[in-house]
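# Geometric and topological summary
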Amino acid sequence: MTKKMIHLPSSAVRGELTAAGQRPGADSGDPQLGTLPLDGGTDAQFGIWECQPGGWPVVDRPNTEACYVLSGKATITDSETGDKMEISAGDFSVLLPGWSGRWDVTETVRKAYTIF
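Heads up: these notes are all about the structure in this document. Not measured: the values here are computed from a predicted model. (Residues numbered from 1 in each chain as written. Predicted model: local features only at pLDDT ≥ 70, side-chain atom pairs only at ≥ 80, totals over all residues. Heavy atoms only, no water.)

### Looking at the overall build of the chain
Secondary structure summary: the chain contains one helix and nine strands in total. Sequence-ordered secondary structure for the chain, helices as α and strands as β, is α-β-β-β-β-β-β-β-β-β. Over its C-alpha trace the chain gives a radius of gyration of 14 Å, about what one expects of a compact globule, namely 13 Å for 116 residues. Taken along the three principal axes of its C-alpha coordinates, the chain extends 45 × 30 × 25 Å. Looking at the chain as a whole, 33% of its 116 residues qualify as buried. Counting contacts in the chain only where the partners sit at least 6 residues apart, residues at least 24 apart contribute 63% of the total. Surface accessibility of the chain: about 7000 Å² in total, with carbon and sulfur atoms responsible for 52%. Considering the chain, the positive charge centre built from 10 side chains and the negative charge centre built from 15 side chains are found 6 Å apart. (Helix = DSSP H or I, 4+ residues; strand = E, 2+ residues; numbered from the N terminus. Rg over C-alpha atoms; globule rule 2.2 N^0.38 Å. Buried < 20%, exposed > 50% of the residue type's maximum accessible area, 1.4 Å probe, protein only. Contact = heavy atoms within 4.5 Å. Areas by Shrake-Rupley, 256 points an atom, 1.4 Å probe, with all protein chains shown as cover. Lys, Arg positive; Asp, Glu negative; His and termini not counted. Charge placed at Lys NZ, Arg CZ, Asp CG, Glu CD.)

### With respect to unusual backbone geometry
Working note: non-glycine residues mostly have negative phi, and peptide bonds are mostly trans. The phi dihedral of D60 is positive, around 50°, even though this residue is not glycine. Along the polypeptide, D60 turns up in the loop between β5 (54–58) and β6 (65–78).

### So, the environment of T35
Mapping T35 onto the fold places it in strand β3 (residues 32–38). Measuring from C-alpha to C-alpha, the distance between T35 and G47 comes to 7.4 Å, with 12 residues separating the pair along the chain. Not counting the four nearest positions on each side in its chain, T35 is found in contact with E16, L17, T18, A20, I48 and W49.

### Notes on the nonpolar core
W49, W56, W103 and V105 are the most contacted members of the largest nonpolar core, which has 17 residues in total. Elements that contribute at least two residues to this core include exactly β4 (45–51), β5, β6 and β9 (101–115). In terms of residues, this core owes the most to one element, β9, which gives five residues. Other than its neighbours up to four places away in sequence, W56 contacts R23, P24, G25, A26, D27, P31, W49, C51, G101, R102, W103 and V105. (Core = buried A, V, L, I, M, F, W, Y, C linked by side-chain atoms within 4.5 Å.)

### Let's talk about the pairing of β6
Most of β6 is tucked away, with 10 of its 14 residues classed as buried. Two strands pair when backbone bridges link them, and β6 and strand β8 (residues 92–95) are joined in this way by four bridges, in the antiparallel orientation. Among the inter-strand pairings, Y68 is bridged to a residue of β8, identified as F92. For β6 and β9, the ladder comprises 12 bridges, and the chain directions are antiparallel. Across the sheet, residue E65 finds its bridge partner in β9, namely I115. If you look at the hairpin formed by β6 and strand β7 (residues 84–88), you'll find five residues sitting between the two strands, and G82 has a positive phi there, around 80°. (Pairing = 2+ DSSP bridges.)

### Here we look at the side chain of T75
For T75, the position within the fold is in strand β6. Of note is the side chain of T75, whose polar atom sits 2.8 Å from the side chain of E86. For T75, the contacting residues outside a window of four places in its chain are K84, M85, E86, R102, W103 and D104. (Polar contact = N/O pair within 3.5 Å; in protein donor to acceptor, adjacent residues only side chain to side chain.)

Below, the structure written as structure tokens:
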């Protein structure tokens, strides 16, 4: 039977984040990561992600990520158009497969994410 709904109570998403080292590909700052992956019993990945200030390029994203920013500030720049999106607490964004651009975190960002 395939799951039709996933619910994670607030107690599940309030756990401690695990240090995950510096963001791979970082070329500015020291963007140290913290993660709290959550298990929903599906192929989708989701959880809480936190990153300290720094920047890195993303080239030809292989999947879709939807995220809701809980705290912090960053600029996401699209390589193709040069458009800059300033994100902060309360913002929701989706990055689609094939997207290339850049993340620049200016204040430690914490977000809830889903990758599929």
